[in-house]
Amino acid sequence: MPLPVPETAVPVRPGQYEIVQRAAKLETIPGTTTEIWGYGGTFPGPTFDLRRGSRTVIRVRNELPVPTSTHLHGGVTPAHSDGYPTDLVVAEGRGFRPHGGDHSPHDLSQWTFHHGARDYAYPLEQRAATLWYHDHRMDFTAPQVWRGLAGFLLVRDDEDDALPLPKGERDLPLMICDRAFEEDGSFRYPSLDPTLLVRPGVRDAFMEGVEGDVILVNGAPWPFLDVDAARYRLRLLNASSARRLQLRLTPGGRFVQIGSDQGLLATPLTHDAITISPGERFDVIADFSDHPAGTEVTMVNTLGVGAARDVMRFRVRRRAPDDSRIPKRLSQVEPAKAAVAVRTFDFRRTGQEGAAAWTINGQRFRPGQPLATPRLNTSEIWRFTSDFHHPVHVHLARFQVLSRNGKPPAPTDAGWKDTVDVRPYEVVDVLARFEGYRGRYLLHCHNLEHEDMAMMADFEVI
Ligand SMILES: [Cu+2]
C-alpha cells in the first residue's frame with residue numbers, strides 16, 4: 001500500500017483547534033475492517049503543524065466508551081495541560097467510576113473528570129522539534145494507544161526553516177509501530193478486560209510488553225513511497241508499545257541525523273543504523289540521489305525477525321532537481337550547565353510471579369507522591385539504572401546523555417532528548433534541565449505495558 005501521510009489539522013480559529021476522539025472503521029489490512037480509536041477518527045491522528053511560541057489551545061472531545069488523557073510527548077507544557085493519567089476526559093452522558101483492583105492502588109481523591117471535552121493549552125515556548133501526542137490514561141495507556149490514539153505535533157521555528165534542508169513533500173513524519181491483528185482485521189491485544197473499563201493489565205505472558213507481527217508506518221502495513229532521486233527529511237518516531245527498532249536502509253544507504261527528540265543537533269551525524277526505542281524520535285536525511293531510477297530501497301529493522309524485519313520501501317522513480325543540502329552547522333546547542341543535584345532512579349521488576357510489578361526505586365506509581373523535587377531553572381544529573389530494556393521518558397525536561405556505564409554515550413544519544421533507551425543492567429547518566437513551569441510532572445518507562453504496570457513516578461518542579 002502507498003505510504004499515507006496524515007492530514008494537517010486545521011484550526012477553528014487562529015490558535016484554536018478542536019478534535020474528537022472517536023471510533024472509526026478503516027481498511028488497514030486489505031480486504032478486512034479494523035475498528036480504531038483515533039483523534040479525528042484517524043490513525044495516526046492529524047498532524048498539528050505549529051510554530052514555536054504560537055500559543056495553541058486544542059479542545060479534545062471524547063466520544064469513546066473509555067476515559068482519556070492526552071499528553072503532548074516532548075512538550076514544554078504547563079502541568080494542568082500535561083495529560084496527567086488521572087486527569088481524564090469522559091464522554092458526555094457517560095458515568096465513570098475510577099477502576100479498582102490491586103493493580104495500582106491509590107487515593108481516589110487524586111482523580112479529576114472533565115465531561116465531554118476539555119482544553120489543553122500548549123504555549124510551545126521551545127525549539128523546533130518533532131513531538132507527538134498520545135493517550136496517557138491511568139493503567140490503560142498501552143491498549144488505548146494500540147487502538148490508535150496517537151499523532152504528530154510538529155514545532156517549527158525560524159532557525160530550522162532557514163536551513164536548506166528538504167522541505168514540503170520531502171519532509172515526512174513516519175510513525176512506525178507494530179500491531180497484531182485477528183483474522184477479521186480487528187486489533188489483537190491481550191487485555192484482561194477488553195472493555196478497558198474495569199480491570200487493567202495484560203495476561204501474565206505479556207508482562208514484558210506486547211509486540212505485534214505487523215509493522216505499520218503512518219497506519220499502513222509495510223507501505224511503499226515513490227521518491228525522487230533526491231534527499232528526504234524523515235522524522236522517525238517509534239510509537240510501538242514495547243518493540244525496539246534498529247533501522248537500516250538496504251541496499252546501502254546511510255542516515256544523516258540532523259535532530260533528536262528535542263530538535264536540531266549542533267552538527268549532522270552519519271549512522272549506518274539507528275536504534276530507536278519506544279517514544280524516541282530521530283530526524284534524519286535519507287539521500288536517494290545515488291540510486292538509479294527503478295531502485296527499491298527497503299528500510300529494515302535488523303532487530304526484527306520474520307515479517308517484522310521489514311518496515312517500508314522507497315521506490316526511486318526519477319531524477320529530479322534538488323536544491324537541498326545538509327549544512328555543517330545546524331544549530332547552537334547550549335553547553336550544559338552545572339548540575340545542582342544527582343538523583344538515582346532504578347527501573348526494576350519487583351515482587352513474585354502473580355504479584356510482580358514494574359517499579360521505580362522499588363515503588364509502584366503513587367500519584368501525588370513525588371520521587372524528586374527539582375528547582376525551576378536548574379539542571380540535575382539523573383542516573384537511570386535498570387534490569388531490562390526500559391525507554392525512560394521525562395516529561396517537561398530535556399536532557400543530554402552524559403554517559404553509559406561510565407563510558408561515553410552512543411553516537412545516537414546526541415542532542416537534546418526526552419527519552420533514552422536504557423538497556424539491561426545499564427547505568428545511564430543524563431543532565432536534565434528543568435525549565436518552563438513549576439508543578440507536577442512524570443517520569444516513566446515508555447514501554448507502555450511497563451508504564452501501565454506502575455513503572456511511573458511523579459516529580460515536582462518547585
Ligand atoms: Cu520498562
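Since the structure is predicted, the reported quantities are computational estimates derived from the model, not experimental observations.

Parameters at a glance
Residues numbered from 1 in each chain as written. Predicted model: local features only at pLDDT ≥ 70, side-chain atom pairs only at ≥ 80, totals over all residues. Heavy atoms only, no water. Helix = DSSP H or I, 4+ residues; strand = E, 2+ residues; numbered from the N terminus. Rg over C-alpha atoms; globule rule 2.2 N^0.38 Å. Contact = heavy atoms within 4.5 Å. Areas by Shrake-Rupley, 256 points an atom, 1.4 Å probe, with all protein chains shown as cover. Pairing = 2+ DSSP bridges. Axes fitted to C-alpha atoms, helices over the stretch in contact; angles between N-to-C directions. Phe/Tyr/Trp six-rings, centres within 6.5 Å; stacked < 30°, edge-to-face > 60°. Buried < 20%, exposed > 50% of the residue type's maximum accessible area, 1.4 Å probe, protein only. Lys NZ or Arg CZ within 6 Å of the ring centre and 35° of its normal. Salt bridge = Lys/Arg side-chain N within 4 Å of Asp/Glu carboxyl O. Disulfide = S-S within 2.5 Å. Core = buried A, V, L, I, M, F, W, Y, C linked by side-chain atoms within 4.5 Å.

1. Side note on the overall build of the protein
Okay, step 1: Secondary structure summary: the protein contains three helices and 32 strands in total.
Okay, step 2: The C-alpha radius of gyration of the protein comes to 21 Å, within 12% of the 23 Å expected for a compact globule of 462 residues.
Okay, step 3: Overall, the protein is about 60 × 55 × 50 Å in size when its C-alpha atoms are taken along their principal axes.
Okay, step 4: Partitioning the intrachain contacts of the protein with sequence separation of at least 6 by distance along the chain shows that 78% fall at a separation of at least 24.
Okay, step 5: By element, 49% of the accessible surface of the protein is carried by carbon and sulfur atoms, the whole surface being about 17,800 Å².

2. Some remarks on the pairing of strand β19 (residues 263–271)
Okay, step 1: Both strand β18 (residues 255–260) and β19 contribute to a ladder of five bridges, which runs antiparallel. Residue pairing in the sheet places S260 in a bridge with G263 of β19.
Okay, step 2: Hairpin connection from β18 to β19: two residues lie between these consecutive antiparallel strands.

3. A few points about the sheet that holds strand β4 (residues 56–62)
Okay, step 1: Taken in spatial order, the four strands make up an open sheet running β2-β1-β4-β8, and their pairing is mixed. Two strands in the sheet have a free side with no partner beyond their single neighbour: β2 (34–39) and β8 (117–122). Ignoring which end each strand starts from, the neighbouring axes of this sheet average 20 degrees apart.
Okay, step 2: Both strand β1 (residues 16–26) and β2 contribute to a ladder of six bridges, which runs antiparallel. Paired with A24 across the two strands is I36, which belongs to β2.

4. Let's talk about the packing of aromatic side chains
Okay, step 1: Evaluation of the coordinates by the stated rule reveals 19 aromatic pairs.
Okay, step 2: Considering the side-chain rings of W111 and F113, the 6.2 Å spacing of their centres and the 5 degrees angle between planes classify their relative orientation as stacked.
Okay, step 3: Since its relative accessible area comes to 27%, F113 is described here as partly exposed.
Okay, step 4: Taken together, the ring pairs connect F345, F347, W382, F384, F434, Y441 and F459 into an aromatic cluster.
Okay, step 5: Here R315 stacks its cationic end above the ring of F224, 3.8 Å away from the centre of that ring.

5. A closer look at the pattern of salt bridges
Okay, step 1: Under the definition given, this model contains 36 salt bridges.
Okay, step 2: Residue R281 is joined to D261 by a salt bridge in which the shortest nitrogen-to-oxygen separation is 3.7 Å. Here R281, found in strand β21 (residues 281–287), pairs with D261, found in the loop between β18 and β19; they are 20 residues apart in sequence, far enough to count as distant. For the pair shown, R281 and D261 are each scored as buried.
Okay, step 3: It is possible to trace a salt-bridge network through shared partners that takes in R170, D228, R231, D287, R318 and D322.

6. Some thoughts on the state of the cysteines
Each disulfide is one covalent bond, formed between the sulfur atoms of two cysteines.
Okay, step 1: Tallied over the entire structure, the rule returns zero disulfides.
Okay, step 2: A disulfide-free cysteine, C177 has its sulfur positioned 17 Å from the sulfur of C445, the nearest such atom.

7. Digging into the environment of F48
Okay, step 1: With respect to the secondary-structure elements, F48 resides in strand β3 (residues 48–51).
Okay, step 2: Residues F48 and T8, 40 residues apart in the sequence, show an inter-C-alpha distance of 6.0 Å.
Okay, step 3: Every residue in contact with F48, bar those within four places of it in the chain, is listed here: A9, Y17, I19, I58, Y133, F152, L153 and L154.

8. Topic: the sheet that holds β3
Okay, step 1: One open sheet holds the four strands; their spatial order is β3-β10-β9-β5, and the pairing between them is mixed. Either end of the sheet is taken by a strand with one partner, and the two such strands are β3 and β5 (70–73). The average undirected angle you get between the axes of adjacent strands in this sheet is 25 degrees.
Okay, step 2: Bridge analysis of β3 against strand β10 (residues 150–156) gives four bridges, and the strand direction is parallel. For F48, the partnering residue across the bridge sits in β10 and is L153.

9. Description of the environment of R51
Okay, step 1: Here R51 shows up in strand β3.
Okay, step 2: Relative accessible area serves as the criterion here: at 35%, R51 is assigned to the partly exposed category.
Okay, step 3: Along the chain, R51 and A432 lie 381 residues apart, while their C-alpha atoms are 24 Å from each other.
Okay, step 4: Discounting residues that sit within four places of it in the chain, R51 has contacts with L124, V155, R156, D157, D158 and D161.

10. Comments concerning unusual backbone geometry
Okay, step 1: Cis rather than trans, the peptide bond between F43 and P44 has omega equal to 0 degrees.
Okay, step 2: Within the secondary structure, P44 sits in the loop between β2 and β3.
Okay, step 3: Even without glycine at this site, D139 takes up a positive phi of about 70 degrees.
Okay, step 4: A positive phi angle, near 65 degrees, is found at L396, a position not held by glycine.
Okay, step 5: For L396, the position within the fold is in the loop between β27 (390–394) and β28 (398–404).

11. With respect to the nonpolar core
Okay, step 1: F347, W382, F384, V420, L443 and F459 are the most contacted members of the largest nonpolar core, which totals 54 residues.
Okay, step 2: Apart from the residues within four sequence positions on either side, L443 is in contact with F345, F347, I360, W382, F384, H393, V394, M456, A457 and F459.
Okay, step 3: Ranked by size, the runner-up nonpolar core spans 30 residues in total, among them L172, I276, A286 and M299.

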